[in-house]
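# Summary of the model geometry
One letter stands for each residue in the lines below.
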Amino acid sequence: MKWMSRATVNVLLIVATLYTLLPLTWLLFASTKSLSDLYSTPGFAFGDFNLIANIRAVSAENGGIFFRWYLNSVLYAGVGAAVSSFITVMCGYAFDKYQWFGKEKMFGLVLLGVLVPTTATALPLYLLASKVGVVNTFWAVFIPVLVHPFGVYLARVLSSGYVPMEVLEAARSDGAGEIRTFTRVALPMLMPAYVTIFLFQFTAIWNNFFLPLVMLNDQRLYPLSLGLFTWEKQGNAFPEFHSLVITGSLLSVVPLLVVFMSLQRFWKAGMTAGSVK
Amino acid sequence: MTADTQARAPGEDWRRRGAILLFVGPFFALFAAVIVAPLAYAVYLSLFSEKSSGLGFGGAETVFVGLGNYLDTLADRAFTDGFLIILGYCLFYIPLMIGGALGLALLLDSGLARAKKFFQLALFMPHIVPGVIAGLIWLYLYLPGISPIVDLLGGVNFLGGDQVLGSVVNIALWEWVGYNMIIYFAALQAIPAEVLEAARMDGAGAIRTALSVKVPLIRGAVITTVLFTIIGSLQLFTEPMVLDNVSDGIVSTWTPNMYAYNEAFGNNDYGQAGAASIILALLAAVLSYVVTRWGNRR
């Protein structure tokens, strides 16, 4: 009986894994095919090996705009997450290590912010931005994503775990000011928290679709996902765009998978700290 | 959670205050600009309406309509139908998602699973794929001619009016099941060994232990994920927008969020769009409150 239940458990897990991995495997196969093979060959078999030609077609389309989108995504998500994680960690650290009047009320506000649907703010944000005249600029997408209430919550939890009060007291009695204590003593200890929050933010921004869709008209400012979305829209009229979207999707997903697999430790730490409190 | 600070010399106090301000200032300044101000502006906008006079050549004037936009929005079948779609979506999605993720986590935690690291990573992998890309991949897996599964299943029309809801649920499930599974698995791993030992001593089998000991013990994690799943479902936008292009089952006001988007950019009715956004935010707040309340009571 025992081996049977062991077999059942593992078979069930394998079935679930097939469900999660097969679509990605299909993407890999599909991006190696020419447009006609895409329609005529089975999904999980190779046709003529056309990957290089597909990548060339992606790079050539509209004067190489795909790589422009790539760069934009890296800027929005990479720089955005780096800046926002710093702001967030600093704020969470202050919530953890200092007392001030009305602190818990302010923290309640942060938690309320976690629950505000980002899509509910995106439209009014667009209208505000058009008043200020920053619609259809880099900043219209870059600045709103810097705010990450959930990260503040996470940073507060992680700060209480990573930074012992005694260490701060020791730094202070050595004559270090508050800011110096933070940058020289606390921040290095908070590095794992920083990386965790960075990863959270990075995915959130990389995934962001509604905000750029609302804010941007200029194709040259698009992030990858919005760009691929507009290509797909042309697929009905021009089937060759299907090929471009498939290969473009593969190119945009592979680096993400590599980064995440190498940083597993950090995102797992964040996910568990965020939910098992 | 909070570390207590001790009494200190009053002379130092203003420096500390300055530091606190410096630490929390940037976040709250952005918070005010990016979350509070837009919400306030949406409330303001939602109280006004553009009434065009005559032929509409520069004749539009802004009139205060009080709660008029809210009443109009709530009376609009297109808007309320969107909530029915969300409701149907949740009825499919939440049990599948929570049940699936919990089931997988319990399987991994059962002590019988091999290659746990591999399974965790493989199940989580779709979550790394951005929502739009996930939507695009599945779009092709649903698209007759390109899809390897449509023919296999005897020509099912994944994009038809009756099936498309299930197709959207499937995309969301694919993206999120591994994510929630990891959260549950971590919670399960934190259950003390003595508790499980005691259950075994009482003669509980593996399945009994899973259902009556393990699941109740990770209730907190389950409630948190249900909460975030509901808030996420209310905002449903990306996946149907991607499928919209090829599916005749999805209209431009299919979900409340698509409705708001369409009011703003299709009809240029910012008052109505603002009202729809606020109704959505309020609903998210109320639901969160109810779910947390209900979770804490049990």
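Because the structure is a prediction, the values reported are computed rather than measured.

Take the packing of helix α3 (residues 77-109) of chain B against helix α9 (residues 219-234) of chain B next. All names here are of chain B. α9 packs onto α3 with a crossing angle of 150° between their chain directions and a minimal axis gap of 10 Å. What the angle tells us is that α3 and α9 run roughly antiparallel. In the packing of α3 onto α9, the handedness of the crossing is right-handed. Along the contact surface, α3 presents Phe83, Ile86, Tyr89, Cys90, Tyr93, Ile94, Ile98 and Leu102, while α9 presents Val222, Thr225, Val226, Thr229, Ile230, Ser233 and Leu234. Looking at the contact of α3 with α9, its residues break down into twelve nonpolar, three polar and no charged.

The subject of this paragraph is helix α8 (residues 206-217) of chain B. Residues and elements named next belong to chain B. Taking 1.5 Å as the rise per residue, α8 with twelve residues should run 16 Å; its terminal C-alpha atoms sit 15 Å apart, in good agreement. Of all the positions in α8, only Thr209, Ala210, Val213 and Lys214 are classed as buried. Each buried residue of α8 lies within a common arc of 130° when the element is viewed along its axis, so the set occupies one face. Exposed residues pointing more than 90 degrees away from the buried face of α8 are listed as Ile207, Arg208 and Leu211. If you follow the buried residues of α8, they end up packed against α3, α6 (164-189) and α7 (193-201).

Another point: the UniProt feature "transmembrane region" (unreviewed entry) in chain A. Residue and element names in this part refer to chain A. With numbering aligned to this structure, UniProt lists the feature "transmembrane region" (unreviewed entry) at residues 74-95, 107-128, 134-155, 185-206 and 241-263. Along residues 74-95 one finds 100% helix and 0% strand; the C-alpha atoms at either end are 30 Å apart. Note that residues 107-128 is 91% helix and 0% strand, and that its end C-alpha atoms are spaced 26 Å apart.

What follows is about the UniProt feature "domain: ABC transmembrane type-1" (unreviewed entry) in chain A. In the numbering adopted here, UniProt assigns the feature "domain: ABC transmembrane type-1" (unreviewed entry) to residues 70-262 of chain A. Strand forms 0% of residues 70-262 of chain A and helix 79%; the C-alpha atoms that close the span are 21 Å apart.

Looking now at the interface of chain B and chain A. The interface is formed by 91 residues belonging to chain B together with 100 residues belonging to chain A. Summed over both sides, the interface between chain B and chain A buries roughly 8,800 Å², with carbon and sulfur atoms accounting for 78% of that surface. One can count one salt bridge joining chain B with chain A. Here B:Arg16 and A:Glu178 are joined by a salt bridge, their closest N and O atoms 3.6 Å apart. Inspection of the chain B/chain A interface yields eleven residue pairs in polar contact (both at pLDDT 80 or more). The greatest single-element share of the side of chain B that touches chain A, amounting to 20 residues, is contributed by helix α1 (residues 10-46) of chain B.

Time to look at the packing of aromatic side chains. Under the counting rule described, the total for this entry stands at 51 aromatic pairs over all chains. Centroid distance A:Phe209 to B:Phe237: 6.2 Å. Interplanar angle 40°. Geometry classified as tilted. Of this pair, A:Phe209 sits in the loop between α11 (191-207) and α12 (210-215) while B:Phe237 sits in the loop between α9 and α10 (238-244), each in a different chain. A relative accessible area of 2% places A:Phe209 in the buried class. In this structure an aromatic cluster arises from ring pairing among A:Phe66, A:Phe67, A:Trp69, A:Tyr70, A:Tyr222, A:Trp231, A:Phe238 and A:Phe241. Positioned above the aromatic ring of A:Trp100 is the side chain of A:Lys103, whose terminal nitrogen or guanidinium carbon lies 5.9 Å from the ring centre. Here the guanidinium or amino end of A:Arg156 rests over the ring plane of A:Phe107, the centre of that ring lying 4.3 Å away.

Before going further, it helps to spend a moment on the UniProt feature "domain: ABC transmembrane type-1" (unreviewed entry) in chain B. Within this structure's numbering, the places UniProt gives as "domain: ABC transmembrane type-1" (unreviewed entry) are residues 81-291 of chain B. Annotation note: span residues 81-291 of chain B, helix share 74%, strand share 0%, distance between end C-alpha atoms 23 Å.

Position of A:Glu169 relative to the elements: it lies in helix α9 (residues 165-173). Note on A:Glu169: relative accessible area 27%, which makes it partly exposed.

Turning our eyes to something else, we now look at unusual backbone geometry. Backbone geometry places A:Asn62, a non-glycine residue, at a positive phi of 50°. Non-glycine residue B:Asn268 carries a positive phi angle of around 50°. Here B:Asn268 is to be found in the loop between α11 (256-265) and α12 (270-297).

Moving on to the UniProt feature "transmembrane region" (unreviewed entry) in chain B. Residue and element names in this part refer to chain B. According to UniProt, the "transmembrane region" (unreviewed entry) feature falls on residues 20-44, 83-107, 119-143, 217-237 and 270-291. From the first C-alpha to the last, residues 20-44 spans 33 Å; its make-up is 100% helix and 0% strand. In the segment residues 217-237, helix accounts for 81% and strand for 0%; the C-alpha atoms at its two ends are 34 Å apart.

Let us now look at the environment of B:Asn69. All names here are of chain B. Within the element layout of this structure, Asn69 appears in helix α2 (residues 68-75). In sequence terms Asn69 and Gln272 are 203 residues apart; their C-alpha atoms lie 5.4 Å from each other. Those residues in contact with Asn69 that sit more than four places away from it in its chain are Leu45, Ser46, Leu47, Phe48, Ser49, Gly271, Gln272 and Ala275.

Conventions used here
Residues numbered from 1 in each chain as written. Chains lettered and ligands numbered in written order. Predicted model: local features only at pLDDT ≥ 70, side-chain atom pairs only at ≥ 80, totals over all residues. Heavy atoms only, no water. Axes fitted to C-alpha atoms, helices over the stretch in contact; angles between N-to-C directions. Helix = DSSP H or I, 4+ residues; strand = E, 2+ residues; numbered from the N terminus. Parallel < 35°, antiparallel > 145°, perpendicular 65-115°, else oblique. Left-handed = near helix turned anticlockwise from the far one by under 90°. Contact = heavy atoms within 4.5 Å. Nonpolar A, V, L, I, M, F, W, Y, C, P; charged D, E, K, R; others polar. Expected span 1.5 Å × (residues − 1). Buried < 20%, exposed > 50% of the residue type's maximum accessible area, 1.4 Å probe, protein only. Arc of directions from axis to C-beta. UniProt positions renumbered as here; feature names shortened; annotations may be inferred. Buried area = accessible area lost by both parts, 1.4 Å probe. Salt bridge = Lys/Arg side-chain N within 4 Å of Asp/Glu carboxyl O. Polar contact = N/O pair within 3.5 Å; in protein donor to acceptor, adjacent residues only side chain to side chain. Phe/Tyr/Trp six-rings, centres within 6.5 Å; stacked < 30°, edge-to-face > 60°. Lys NZ or Arg CZ within 6 Å of the ring centre and 35° of its normal.

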